[in-house]
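Structure assessment
For reference, the chains in residue letters:
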Amino acid sequence: ECVHVVTASENLVSDGIELPIAGRALNAELADVVSGHPNAQLLHWGRLQDATALRRDDPQALTFDGIHPDGDGLAVLAEAYAGVLDDCGRPWYLP
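A brief look at the structure comes next. (Residues numbered from 1 in each chain as written. Predicted model: local features only at pLDDT ≥ 70, side-chain atom pairs only at ≥ 80, totals over all residues. Heavy atoms only, no water.)

So, unusual backbone geometry
Keep this limit in mind: Strands are runs of DSSP state E lasting at least two residues, helices are runs of H or I lasting at least four, and both sets are numbered from the N terminus onward. Relative accessibility thresholds used throughout: buried, under 20% of the residue-type maximum; exposed, over 50%; partly exposed, between the two (1.4 Å probe, protein chains only).
Its identity as a non-glycine residue notwithstanding, Leu62 has a phi of 70 degrees, on the positive side. With respect to the helices and strands, Leu62 occurs in the loop between α2 (45-56) and α3 (71-88). When its relative accessible area of 2% is taken as the criterion, Leu62 is described as buried.

Regarding the side chain of Thr7
Just so we agree on the cut-off: Polar contact criterion, stated in full: a pair of N or O atoms within 3.5 Å, where within protein one must be able to donate a hydrogen and the other to accept it, and residues adjacent in sequence count only if both atoms are side-chain atoms. Note on definitions: a residue-residue contact is assigned when non-hydrogen atoms from the two residues lie within 4.5 Å.
As for its placement among the helices and strands, Thr7 is situated in the loop between β1 (3-6) and β2 (13-14). There is a polar contact of 3.2 Å between the side chain of Thr7 and the backbone nitrogen of Trp45. If near-sequence neighbours (up to four positions away) are discounted, Thr7 is found in contact with Asn27, Leu30, Leu42, Leu43, His44, Trp45 and Gly46.

A closer look at α3
Where we set the bar: Multiplying one less than the number of residues by 1.5 Å gives the expected span of a helix.
Compared with the 26 Å implied by 1.5 Å per residue over 18 residues, the 26 Å span of α3 between its first and last C-alpha is a close match. When α3 is considered as a whole, its buried residues turn out to be Gly73, Leu77, Ala80, Ala82, Val84 and Cys88. In this structure, the buried side of α3 is in contact with β1, β4 (40-43) and α2. Where α3 begins, one side-chain oxygen reaches toward the backbone nitrogen of Asp72, 3.1 Å away; that side chain belongs to Asp70.

Re the environment of Leu43
Take Leu43: it is sitting in strand β4. Residue classification places Leu43 among the buried residues on the basis of a relative accessible area of 2%. Sequence separation between Leu43 and Glu29 is 14 residues; the distance between their C-alpha atoms is 14 Å.

Description of the nonpolar core
Rules: Take the buried residues of types Ala, Val, Leu, Ile, Met, Phe, Trp, Tyr and Cys, join any two whose side-chain atoms come within 4.5 Å, and each joined set is a nonpolar core.
Leu43, Trp45, Ala53, Ala61, Leu62, Leu77, Ala80 and Val84 form the largest nonpolar core, which has 8 residues in total. Those elements that provide at least two residues to this core are α2 and α3. The element best represented in this core is α3, accounting for 3 residues. For Leu62, the residues in contact, after removing those within four places along its chain, are Trp45, Leu48, Gln49, Thr52, Arg56, His68, Pro69, Asp70, Asp72, Gly73 and Val76.

As far as function goes, none of this settles anything; it's purely spatial.
Written out as structure tokens, the structure reads:
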């Protein structure tokens with residue numbers, strides 16, 4: 001079975017406080033855990049969100065609270081999930 005682990009944005013903002021170190025630390029821990037499991041793969045939400053944030057000059061792009069995906073973020077995340085599920089080599093579909 002494939003396991004997909006979603007990274008965090010490194011532009012974390014909570015209650016107006018920027019938390020980039022927390023985002024980087026969390027992602028480093030996730031990468032470490034995944035590296036020990038050949039059936040596990042990182043889904044780089046953090047990179048997707050961060051790239052969009054830079055393009056839009058909005059550190060909270062794709063989120064409604066600086067952390068969790070908004071409607072646009074969910075669409076981007078769903079597309080990313082489709083890619084990693086394809087890599088898994090199993091048939092799947094979105095209901």
